[in-house]
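# Descriptive analysis of the structure
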Amino acid sequence: MKIFVLASGSKGNAMCVEVENETILIDVGISYMKIKEKVETLKIDLDKIKVLFLTHEHHDHIMGLMTFLKKSKIETVYLSKGTLESLPEKVKIEILKKEIVVIKADEVFHFDNTKITTVGLSHDANEPLGFVFEKEDKKFVHLTDTGYVDHAYYELLENANIYFLEANHEPEMLLRSARPFALKKRILSELGHLSNDDASWLINRVIKQKAIWVIAHISEDCNTQIAIEESIIKHVEDPTLLEVYYADQTNLLVFEI
């Protein structure tokens with residue numbers, strides 16, 4: 001299994017996961033041309049990407065979707081009913097030209113020997129989803145854009161090799177920021193985003209062995225790497241178990257498990 005992080009954050013999100021004979025694109029929150037440029041840099045054949053997963057309908061996850069559907073070789077799109085219903089009409093018309101697989105939380109499906117389980121998230125979107133990829137003893141967790149993670153998922157999330165998990169903000173920095181108060185309340189709510197402390201506490205709960213944490217969806221103005229590291233030290237009993245990477249709009253990150 002290979003994971004290619006193309007972009008992460010409020011300006012756009014996209015990732016490729018290579019499983020078996022498929023390369024899956026998760027979200028299209030950056031332009032077609034940017035995706036094309038990034039995958040070519042990574043030596044990925046864009047024409048071989050036939051499967052798309054959508055986590056939810058927010059702009060930073062679907063910004064490039066319309067053009068991508070027209071220009072790419074995507075054949076099949078996996079998404080929730082809520083995400084499908086919430087897409088802009090022009091995008092919905094284009095996506096319905098593809099094979100649609102409607103999925104919901106707590107479903108399991110397979111690509112050959114790779115098992116994929118959907119995770120229900122808590123965000124101000126219409127039926128957002130996370131994903132857990134498992135093959136033999138290897139596990140990859142994709143979990144962003146959620147205000148909290150239900151304890152019912154803790155066992156599923158345990159012992160992953162790689163976590164793509166958001167640590168979006170440092171609450172005091174957010175509250176001191178110039179953002180509208182209504183937006184601050186939204187981000188801090190159960191329908192918002194995980195804070196550094198939330199994410200670090202969750203990581204401590206689910207890791208039992210050495211793991212990679214790719215820190216996703218980091219706020220550019222309400223967070224810092226130092227603030228994230230302080231939360232890790234505060235909440236993770238054994239920080240030496242973690243190998244930490246920071247995802248953003250420019251760095252291309254590649255992992256293989």
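These figures come from a predicted structure and were not determined experimentally.

Together, Leu175, Phe181 and Leu188 give the surface a local cluster of nonpolar side chains, amounting to about 300 Å² of exposed area. In this structure, Leu188 sits in helix H8 (residues 181-188).

The next point concerns the sheet that holds strand S10 (residues 138-143). Read across the sheet, 7 strands follow the order S7-S8-S9-S10-S11-S12-S13 without closing on themselves; strand pairing throughout is mixed. Strands with a single pairing partner mark the edges of an open sheet, and in this sheet they are strand S7 (108-111) and strand S13 (242-246). Direction aside, neighbouring strands of the sheet carry axes that sit 20° apart on average. Summarising the sheet, strand S12 (residues 211-216) and S13 pair through 5 bridges and their orientation is parallel. If you follow Ile212 over to S13, its bridge partner there is Glu243.

What follows concerns the packing of aromatic side chains. For the coordinates displayed, the defined rule picks out 12 aromatic pairs. For the ring pair Phe53 and Phe131, a centre distance of 4.9 Å and an interplane angle of 40° mean the geometry is tilted. Of the two residues, Phe53 is situated in strand S4 (residues 51-53) and Phe131 in strand S9 (residues 129-135); the sequence distance between them amounts to 78 residues. The exposure class of Phe131 is buried, given its relative accessible area of 0%. Through a chain of ring-to-ring contacts, the aromatic side chains of Phe53, Tyr78, Phe109, Phe111, Phe131, Phe133 and Phe140 assemble into a single cluster.

Judged by nonpolar contacts, the single largest core of 29 residues is most densely connected at Leu143, Tyr163, Leu165 and Trp213. Put simply, the parts of the chain that give this core at least two residues each are S10, helix H6 (154-157), strand S11 (162-166), helix H9 (196-206), S12, helix H10 (225-235) and S13. At 4 residues, H9 tops the list of elements feeding residues into this core. Ala7, Leu25, Ile44 and Leu84 belong to the second largest nonpolar core, which has 28 residues in total.

Rules used in this analysis
- Residues numbered from 1 in each chain as written.
- Predicted model: local features only at pLDDT ≥ 70, side-chain atom pairs only at ≥ 80, totals over all residues.
- Heavy atoms only, no water.
- Patch = residues over 30% accessible without salt bridge, like charges linked within 9 Å, V, L, I, M, F, W, Y side chains within 5 Å.
- Areas by Shrake-Rupley, 256 points an atom, 1.4 Å probe, with all protein chains shown as cover.
- Salt bridge = Lys/Arg side-chain N within 4 Å of Asp/Glu carboxyl O.
- Helix = DSSP H or I, 4+ residues; strand = E, 2+ residues; numbered from the N terminus.
- Pairing = 2+ DSSP bridges.
- Axes fitted to C-alpha atoms, helices over the stretch in contact; angles between N-to-C directions.
- Phe/Tyr/Trp six-rings, centres within 6.5 Å; stacked < 30°, edge-to-face > 60°.
- Buried < 20%, exposed > 50% of the residue type's maximum accessible area, 1.4 Å probe, protein only.
- Core = buried A, V, L, I, M, F, W, Y, C linked by side-chain atoms within 4.5 Å.

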